[in-house]
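# Descriptive analysis of the structure
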Amino acid sequence: MRDDDFFWDGARERRLLIQRCGECGQVRHPPGPMCGRCQSVAVDIVECSGRAKVEGWLVSKHPTRPDDHPRIVARLRLDEGVAMISNLQGIALEDIREGLAVEVFFQEIDGKVLPQFRLAGVTA
Ligand SMILES: [Zn+2]
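Treat the numbers as computed from the prediction; the structure is a model and nothing was measured. (Residues numbered from 1 in each chain as written. Predicted model: local features only at pLDDT ≥ 70, side-chain atom pairs only at ≥ 80, totals over all residues.)

## Considerations on unusual backbone geometry
Cis rather than trans, the peptide bond between His 29 and Pro 30 has omega equal to 0°. Looking at the element boundaries, Pro 30 is found in the loop between β2 (27–28) and β3 (43–47). Positive phi, close to 60°, is recorded for Arg 14, a residue that is not glycine. Along the chain, Arg 14 turns up in the loop between α1 (5–12) and β1 (17–21). Arg 14 gets classed as exposed once you count the C-beta atoms within 10 Å, which come to 12. One non-glycine residue with positive phi stands out, namely Gln 39, at about 65°. Position of Gln 39 among the secondary structure elements: in the loop between β2 and β3. (Helix = DSSP H or I, 4+ residues; strand = E, 2+ residues; numbered from the N terminus. Buried ≥ 20, exposed ≤ 12 C-beta atoms within 10 Å, placed from the backbone.)

Written out as structure tokens, the structure reads:
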């Protein structure tokens, strides 16, 4: 079992999961075996709200599939406090700004379910 198995298992269930230290309660992402604050290996898994704010972004010039639009890759700050790298979808590049409120949704790509982000409050 790998440290990030829970993350992908959660994504398949359309849940955004992160680790929280079982000793000091520090949340962390990406997944790891040990708390960076207190070095405990005790860990809980918590489900995120899925809400986040944009902190930074770039346009990927090497789309992984030829038919894709260029991907907007963003560093997001989840409401739970941790940073996460993901893709923004359905948002025009010129509308993206620091602090923009976004929310997670899940998309199956080549058989793997990936968390992606879109403008908060938009229903599918
Ligand atoms: Zn800790």
